[in-house]
Protein chains: 4
Amino acid sequence: MTEPILDLAHIAHAELLTPFPEDSLRFFVELFGMEIEHREGQSVFLRGWGEYQPYGLKLTESELPGLGHMAIRAWSPESLQRRVDAIGRTGYGIGWNEGDHGHGPAFEFTDPDGHRLEIFFEQDRYVPPEHLRPRLKNVPQRHVDRGAAVKRIDHVNVLASDVAANRRFAVEQLGYRLYEQIINDDGSEQGAWMSLSIAAHELIYTADHAGAAGRLHHLAWFVDTREEILRAADLFVDADVPIEAAPSKHAVAQGMFLYVYEPGGNRVEVTTGTHFIFDPAYEPVRWTQAERARGQAWGVKTIETFHTYGTPDVSGRPPGPPIPPTSQIPAIPDATVV
Amino acid sequence: MTEPILDLAHIAHAELLTPFPEDSLRFFVELFGMEIEHREGQSVFLRGWGEYQPYGLKLTESELPGLGHMAIRAWSPESLQRRVDAIGRTGYGIGWNEGDHGHGPAFEFTDPDGHRLEIFFEQDRYVPPEHLRPRLKNVPQRHVDRGAAVKRIDHVNVLASDVAANRRFAVEQLGYRLYEQIINDDGSEQGAWMSLSIAAHELIYTADHAGAAGRLHHLAWFVDTREEILRAADLFVDADVPIEAAPSKHAVAQGMFLYVYEPGGNRVEVTTGTHFIFDPAYEPVRWTQAERARGQAWGVKTIETFHTYGTPDVSGRPPGPPIPPTSQIPAIPDATVV
Amino acid sequence: MTEPILDLAHIAHAELLTPFPEDSLRFFVELFGMEIEHREGQSVFLRGWGEYQPYGLKLTESELPGLGHMAIRAWSPESLQRRVDAIGRTGYGIGWNEGDHGHGPAFEFTDPDGHRLEIFFEQDRYVPPEHLRPRLKNVPQRHVDRGAAVKRIDHVNVLASDVAANRRFAVEQLGYRLYEQIINDDGSEQGAWMSLSIAAHELIYTADHAGAAGRLHHLAWFVDTREEILRAADLFVDADVPIEAAPSKHAVAQGMFLYVYEPGGNRVEVTTGTHFIFDPAYEPVRWTQAERARGQAWGVKTIETFHTYGTPDVSGRPPGPPIPPTSQIPAIPDATVV
Amino acid sequence: MTEPILDLAHIAHAELLTPFPEDSLRFFVELFGMEIEHREGQSVFLRGWGEYQPYGLKLTESELPGLGHMAIRAWSPESLQRRVDAIGRTGYGIGWNEGDHGHGPAFEFTDPDGHRLEIFFEQDRYVPPEHLRPRLKNVPQRHVDRGAAVKRIDHVNVLASDVAANRRFAVEQLGYRLYEQIINDDGSEQGAWMSLSIAAHELIYTADHAGAAGRLHHLAWFVDTREEILRAADLFVDADVPIEAAPSKHAVAQGMFLYVYEPGGNRVEVTTGTHFIFDPAYEPVRWTQAERARGQAWGVKTIETFHTYGTPDVSGRPPGPPIPPTSQIPAIPDATVV
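Here the structure is a predicted model, which is why all the values come from computation and not from measurement.

Run through the overall build of chain A, naming residues and quoting values.
Secondary structure assignment for chain A yields 6 helices and 17 strands. Relative to its length of 338 residues, chain A is compact, with a C-alpha radius of gyration of 19 Å against a globular reference of 20 Å. C-alpha extents for chain A along the principal axes are approximately 65 × 55 × 40 Å. For chain A, the proportion of its 338 residues judged to be buried stands at 60%. Considering only contacts in chain A between residues 6 or more positions apart, those separated by 24 or more positions represent 67%.

Rendered as C-alpha cells:
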C-alpha cells in the first residue's frame, strides 16, 4: 500500500461552452439563481451563493457546446508543484498560463480523452458587493431566492472512450480517490466516480460510445436540501425548462438528482446528498451491468438520452437541448394515462 | 345553482381483503407503521397514529384481494338520515346493519359499479393505551417511528366500468365535490377526483377496462411531509417491497406519491400534499388525454401496471403483487445503465 | 346535539392597515413573494401564488396599523342569507355594501370586540396574465421563487378583551368549529382556535389585556412545507426582517411557525401544517395555564412581545416593528454565548 | 505558509461514560436508533446505520459520565507514524496500546486539557448480519426507522480551561484545520471549531469556566436531512427525553441542531448540515462576543445550561440530566403563554 496523494483540494471552477450565450446566461441567472460576478471577452463568470471563490462557472460563447476546461485547486504551492511534475512526466502536460480572472498561474494539461484541465493554487476570495453582503459572516454571500438558488458547483461528469485509462490518470496523477465503478460483463469499465474529499463524487468518467473525444456529460450544482430540488422542479416546469430526469435518488453515490438542459444544449444537474466517504482506505464499490439495470435507488429507469447524449453532440441533431420543454412534450393521442 | 350537499364528513375507514393475511398484517404493522387496535374473527383493525377514530383500516382474510367496503361518516344524525333517504330512492340501498367494532349502526349500499359502501354517524374516539399516550393532548397517539409511520387513511381509488355513472352517484347522492376529471377524446370519462373536504381528493374513480366490477385501484395513507415519502422509499427498498412508482408528484391533484404492493396483491400508496380546494363553487379541472400523456407533474411516465392492474386481478396472474420486489428485478444482461 | 352550521366556507381575504404603505408593499412583494393584482385608491390588492381568488390581502394606507376588515365567503347565496339573518338578530349587523374589487355585495358586521367583518358569496376567480400562467392547469398561477413565496392566506388571529363572548359569536352566528382553547385557572378564556374546514385553525381569538378593542395579533400565510419556512428564515435574516419567533412548532394546533414584523408594525406569520380535524363532532382540546407554560411543541418559550403586542399598539412605542431587525440586535457586552 | 498536515482522516469513534449503563443503552438503541454491534466487559459498542467502521460509539459503565476517549484514524501507516512522532515530542504522549474491538494498535495521548485521545490506522470494516444487509451495496447497512435513526458520529465538543492551548495542539500536532473561533473582548478564546475534512466541524473546544479538566460538552450524530431532526424532536417529546435546545440553526458552522440529554447525564446532539469548507487556505472566521450575543442563526437564544453544564458535572447536582423531561417541566402558575 502506498501513501495517498493529498495534493489537490477541489474543483474550483469549470468552463462551459454555449452556442447561445444570451439564453444560457439568462438560464443560469434566472433559473439556477447564480450571480454574474464578472464579464470579460466572450465569457461571463457566474457564482453560486455559497462559493468562497469568486466564481464556479465560466460561461463562454462558442460554436459548439461542451466543456471548455475544468480547474482544480491545489492544497499548497508545494503540492501544486508535485502534481505539475507528475503530470509533466506523463506527456499530457501543456504548460503554464498566466492565470485567469480570480486566480493565479495555472498549469494546463489534458486527460487521456483530451478534456482540458488546469491546476493552480493562488485563488482570490469572493468579496460581496453591499447588496449581496450576508448577515452571518461565515457565509460568503446572501442567500438567494431566485430559481434553483444553487449553492456551488459540485461535480463534473465527462465522457471518455476509455474510462479505465482516464480513471487511472485521475487516480495516479491527480490523487483522486476512486469510490465507485461500473464494470461491464466483458471487464471493460463503464463509469468511475472519484473524489478529492469526503464528498461522494467530484469527478466522474462515463463511457462515450460515440467515438468522439473530450465530451461533457453534465455539470452539477449543489443545493443544501432535497426539498430544494423538488422546488426547483416546480419552477423549471413553469419555465418550460426541458427536464430529462425528474427528481429521484441515484443508486451510485446516493445523490438526489434533477437533470435538465440549459439552452446551449448542455446537460446540467441540481444535486444534493450527504453520502460521505470517511474511510481513508475505501474499497471501491463495483457495480455489475445486471445490478445497474435495476435502475436508480428507488427503481426509476433512466431515459435513453442520458446514455447517448453528450456535448458537443455528434448525432446531427439541431443545436440546443435534445428534448423539448416539459410542457410541450407532444401528446400521444391514444394514451389514457392516469 | 343548487345548494351544496354537506351531509357527509369523511371516509372513516376502509376494509381491505387479502389472501395472505399474516403477510399483509406484517406489512401494515412493520412497513406502514400502523398499530393493531383490535382483532375480531378474520379481521384485524389497524390505525395510523393520527387517526381520531379507533382505526382506519379493517384488514380481512379473503380468498381474493380487493376492497371489502368503504365507510363514510356523516356530519350528524340528521344529515345521515338525509343521505339514507336519498340513497334509498336510487335503488342502490341495501339496509342498516348493527355497526361494527368502533362505530354504530351503518346504512349499507353499493355504488353503480358494485363497490360496497356504508354511512354512519356514531363513531368511537380512540383512547390510547398507556404506552401509546402522546405528550401533547391534541394528537390522538404518540408519534410512530416504524416504517412509513403513516398518519391516517387519506383516499380510496376504485375502478369502475362507467366512471360517469359512479361520479354522478357520488356527487348527487353522497355530496362529493368534483375537483378534477380526465375526459377522453371520445367524451367518455377516464377518471374523477372528488372530495368531501378541502383535501384535493378523498374518493377517486378511474376507468376499469377489464370488464370487471367493484374492483380496487389503491388505498392511500397520508404522511405529513414529502421527506417522509423519500424516507419510506429507502426503507421499502431495503425490505424488498415491490415499488410500482417511486416518489414523485402527481399532475392531477398535485399530491406527492409512492406506490407499492402489499403482500396480498393490493396496491397501496403513501401520499402527502397541501393542494386545498377552498372555492365552494369550484369549477372542476378537466384534463384531456393529450394533457395527461405528458406524464406526472415533473414529466415522469407511469408504468403499465398502473393502468391495467386492480384487485381482484382478472388477468390470471398468480396471487400477490404483479411485480417483483425492487431488489430482485431480473437484470437485463445487455443494459449499460448509468 | 344540534346540526352543525355549514354556511360559511373560508376567509377569502383580510385587509391590513399600514402607516408605511410603500415599505409594507415592498415587504409583501419582495419578502413574502406576493403579486400585486390590483391597485385602487389607497389600497393595493396582493395575492399568494396558490389563491383561486384574485387576492387574499388588501393592503391599505392608514394612520395606524391593524386589521381593516376580514372577509368570509359563504357556501352559496342561500347559506349567505341564513348567516345575514342570524347576524342581524344579534345586533352586530351593519348592513350590505356593494362589494369591492373582485367580489360582489357583502354584508358587514362586527364581532363583539369590534373587529370589522363581512360575508359574501360572489367571488371572481383569478385569471393570470401570460407571464404568470402556470403549466399545470389545476394551479391558479405559476410557482414563485421570490422570498417566502407564500401560497395563500391561512388564518387570522385577533385580540379580544372577552375571548369567550367572541368565541361564542363565531361559533353560534358564523358556524366556526371550536377546535382548541386555553382556559385560565380562574375559568376565563385565554384563547380559542376555530375553523370552518378541516384545517386546524382559520380564526383565532386570544386575550387582549391592554383594554383596547378590535386589535390584530397576526395574519398568517401558508407555505406547503416546513423546509420553506426554514428557507424563509435565512432570507429574512439577510434582509434585516425583525424575527420575533424563529421557526419551530406550535403545541396548540401543531403548526410550524415563523413570526416576523412587516414594516407597518403588524405581526405576520409564515406557517404550514397538516394537522387536520376530520371528526365532525370534535371535542375541543382545552389547555390549562400550566400546560401552556411548558412552551411550544418542542419546549421553546415564546418571547414577551408575543403576549403583549398587537396592532394598533397602545403602549406608546414609536410606529413600526416593536423589535429591531435580527442582525442589529444590540450586543450584550458580557455575554459569552456559544 | 507551511504545507498543511494531512495525516489524520476522521474521528473513528468516541467512548462515552455513563453511570446508568442500562438506561443509556436503551436510549441509544431505541431513541437514537443505533445498533448494538458488540459487547465486551463493561462496554457496549454501538453504530449508526451509515458507519463503514463497526462502531462509532463505545458506551462504558463508569461512576461518572463524560468522555472516555476519542479515537482518530490516520490516512496511512506512514501518516500515523508522523503524528506519533510529533505528539511524542510534545510530552503529551502516553504510549501504544494493542488496539480494541474493531481496530488495531493505537497510540494514546492527551490534549493539554487532559482529554484522552488515541490515533490508529488499522480499522475493521463493518460486515452486516443478514437481517441488516442493505439492498444497495454502497451503503454499509440497511436504513433504520427506529428513533432518530442517526447515521454516524459527526463531531466531538469538549470543554477546556485554556481553549487556545488545546486549539494550537489540535492544529499543530494533529493537523486539524481551524474554521471558526469566538474571541472574547479580552483577547482570550471562547471556542474553536476545527475539522480534518470539508465538514464544518469535527472537533470543537469551548471554554470550561468551572475550573475542571477533561470534560465533555457534547457528542453529535449526523442525520441526512433537517426534516429528520424535526421528526426526532416529536419522537423525543413523546418519549420524555429532556430537550435542552429545540431544533434550530447554529450561527457558527451553520449546522441544524437538536440538543438533548441521555440518561447518563451527557449532552448529545442530532445534527445535519452541508456547510462545507473547500478552501485549502481558509481564513478562520472570528466571532466577537457582541456578534455571538445575537443568538443562533435565526436569533434563538441558548438556555443557560448550555454554557454551564458539562460532564462530569462539578456543580453538585444529582447524577443524570440537569433538566427535567420536556413533558414534565413544572408549570409556572401565573404564566399565560400562547
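Provide a residue-level description of the relation of the copies chain A and chain D, including the pertinent values.
Superposing chain A onto chain D takes a rotation of 180° combined with a translation of 0.0 Å along the rotation axis, leaving an RMSD of 0.0 Å. Seen this way, the second copy is the image of the first under a two-fold rotation axis. Comparing interface residues between copies, 100% of those in chain A also sit at the interface in chain D, which points to an isologous, same-surface contact.

Now, about the environment of A148(B): what can you tell me, with residues and values included?
Residues and elements named next belong to chain B. The residue A148 is located in the loop between β8 (116-120) and β9 (152-160) in this model. According to the C-beta neighbour criterion, A148 is buried, with 27 such atoms within 10 Å. Between the alpha carbons of A148 and V270 there is a distance of 7.8 Å; along the sequence they are 122 residues apart. Filtering out sequence-adjacent residues up to four positions away, A148 remains in contact with L31, F32, G33, V223, A232, L235 and V270.

Give me the nonpolar core: which residues, what numbers.
Counting 407 residues, the largest nonpolar core has A233(A), A233(B), A233(C) and A233(D) as the members making the most contacts within it. Not counting chain neighbours up to four residues away, the residues in contact with A233(D) comprise W298(C), I243(D), A246(D), P247(D) and L258(D).

Mind laying out unusual backbone geometry, listing which residues take part and the relevant values?
With an omega of -5°, the peptide bond running from T311(A) to P312(A) counts as cis. Inspection of the secondary structure assignment puts P312(A) in the segment after α6 (305-308). Phi angles above zero are rare outside glycine, and A253(A) is one such case at about 70°. Within the secondary structure, A253(A) sits in the loop between β14 (243-249) and β15 (256-261). For A253(A), a count of 23 C-beta atoms within 10 Å puts it in the buried group. The residue Q254(C) is not glycine, and still its phi comes out positive at about 65°. Summarising the element assignment, Q254(C) is placed in the loop between β14 (243-249) and β15 (256-261). What makes Q254(C) buried here is the crowd of 21 C-beta atoms within 10 Å.

Please provide a residue-by-residue account of the interface of chain A and chain D, values included.
Contact residues are listed per partner, giving 30 residues for chain A and 30 residues for chain D. At the level of elements, β1 (8-18) and α2 (77-90) of chain A are the ones that each hand at least two residues to the side of chain A that touches chain D. When the residues that make up the side of chain A that touches chain D are grouped by side-chain class, the tally is 14 nonpolar, 8 polar and 8 charged.

Explain the environment of E22(A) to me, and be specific about the residues and the numbers.
Tracing the chain through its elements places E22(A) in helix α1 (residues 21-31). Residue classification places E22(A) among the exposed residues on the basis of 11 C-beta atoms within 10 Å.

Describe the sheet that holds β1(A), with residues and values.
Strands pair in a sheet through their backbones, by hydrogen bonds, and they do so in one of two ways: parallel or antiparallel. All names here are of chain A. An order of β2-β3-β4-β1-β5-β8-β7-β6 is seen for the 8 strands of this open sheet, with the pairing classed as mixed. Of all strands in the sheet, those with a lone pairing partner are β2 (35-40) and β6 (93-97), marking the two edges. Averaged over neighbouring strand pairs, the angle between their axes works out to 25° when direction is ignored. Examined bridge by bridge, β6 and strand β7 (residues 106-110) share 4 bridges and lie antiparallel to one another. Within the sheet, the bridge partner assigned to G95 lies in β7 and is E108. Strand contacts of α1: β1, β2, β3 (43-47) and β4 (57-61), with the helix running at about 160° to β4, the strand carrying the most contacts.

Hey, could you go over the packing of helix α4 (residues 226-238) of chain C against helix α4 (residues 226-238) of chain D for me, with residue numbers and the actual values?
Closest axis-to-axis distance for the α4(C)/α4(D) pair is 10 Å, and the angle between their directions is 110°. Taken as axis vectors, α4(C) and α4(D) run roughly perpendicular relative to one another. Judged by the twist between their axes, the crossing of α4(C) over α4(D) is right-handed. Here R226(C), E227(C) and L230(C) of α4(C) lie close against α4(D), whose contacting residues are R226(D), E227(D) and L230(D). Of the residues belonging to the contact of α4(C) with α4(D), the class tally is 2 nonpolar, no polar and 4 charged.

So what's going on with α4(C)? Residues and values would help.
Every α-helix carries 3.6 residues per turn, so stepping three or four residues along brings you back to the same face. Spanning 13 residues, α4(C) covers 19 Å between terminal C-alpha atoms, matching the ideal 18 Å at 1.5 Å per step. Of the residues one or two after α4(C), D240(C) is the one with positive phi, at around 60°.

Explain the sheet that holds strand β15 (residues 256-261) of chain D residue by residue, including any values.
Residue and element names in this part refer to chain D. Pairing in this open sheet of 9 strands is mixed, and the strands run β14-β15-β16-β13-β9-β12-β11-β10-β17 from one edge to the other. Strand pairing shows two members of the sheet lacking a second neighbour, β14 (243-249) and β17 (285-288), which therefore form its edges. For this sheet the average axis-to-axis angle between neighbouring strands, irrespective of direction, equals 15°. Sheet strands in contact with helix α3 (residues 163-174) are β9 (152-160), β10 (177-183), β11 (189-195) and β12 (203-207), and its direction is about 15° off that of β11.

Go over the confidence of the model for chain A, please, and point to the residues and values.
On average, residues of chain A score 94 in pLDDT, and 96% of them reach the 70 mark or higher. Both scores are available for the predicted complex, with the pTM at 0.96 and the ipTM at 0.95.

An account of the pairing of strand β8 (residues 116-120) of chain A is needed here, citing residue identities and associated values.
Residue and element names in this part refer to chain A. In terms of residue burial, β8 counts as a mostly covered element, since 4 of its 5 residues are buried. Inspection of the sheet shows strand β5 (residues 66-74) paired to β8 by 4 bridges, in the parallel sense. Opposite R73, over in β8, you have F120 as the bridge partner. Across 5 bridges, β7 lies against β8 in antiparallel orientation. The residue of β8 that forms the bridge with F109 is L117. Once β7 ends, the chain turns through 5 residues before running back antiparallel as β8, passing G114 with a positive phi of about 100°.

Calculation rules
- Residues numbered from 1 in each chain as written.
- Chains lettered and ligands numbered in written order.
- Predicted model: local features only at pLDDT ≥ 70, side-chain atom pairs only at ≥ 80, totals over all residues.
- Helix = DSSP H or I, 4+ residues; strand = E, 2+ residues; numbered from the N terminus.
- Rg over C-alpha atoms; globule rule 2.2 N^0.38 Å.
- Buried ≥ 20, exposed ≤ 12 C-beta atoms within 10 Å, placed from the backbone.
- Contact = placed C-beta atoms within 7 Å.
- Least-squares fit on C-alpha atoms with pLDDT ≥ 70 in both.
- Core = buried A, V, L, I, M, F, W, Y, C linked by C-beta atoms within 7 Å.
- Nonpolar A, V, L, I, M, F, W, Y, C, P; charged D, E, K, R; others polar.
- Pairing = 2+ DSSP bridges.
- Axes fitted to C-alpha atoms, helices over the stretch in contact; angles between N-to-C directions.
- Parallel < 35°, antiparallel > 145°, perpendicular 65-115°, else oblique.
- Left-handed = near helix turned anticlockwise from the far one by under 90°.
- Expected span 1.5 Å × (residues − 1).
- pLDDT = per-residue confidence, 0-100.

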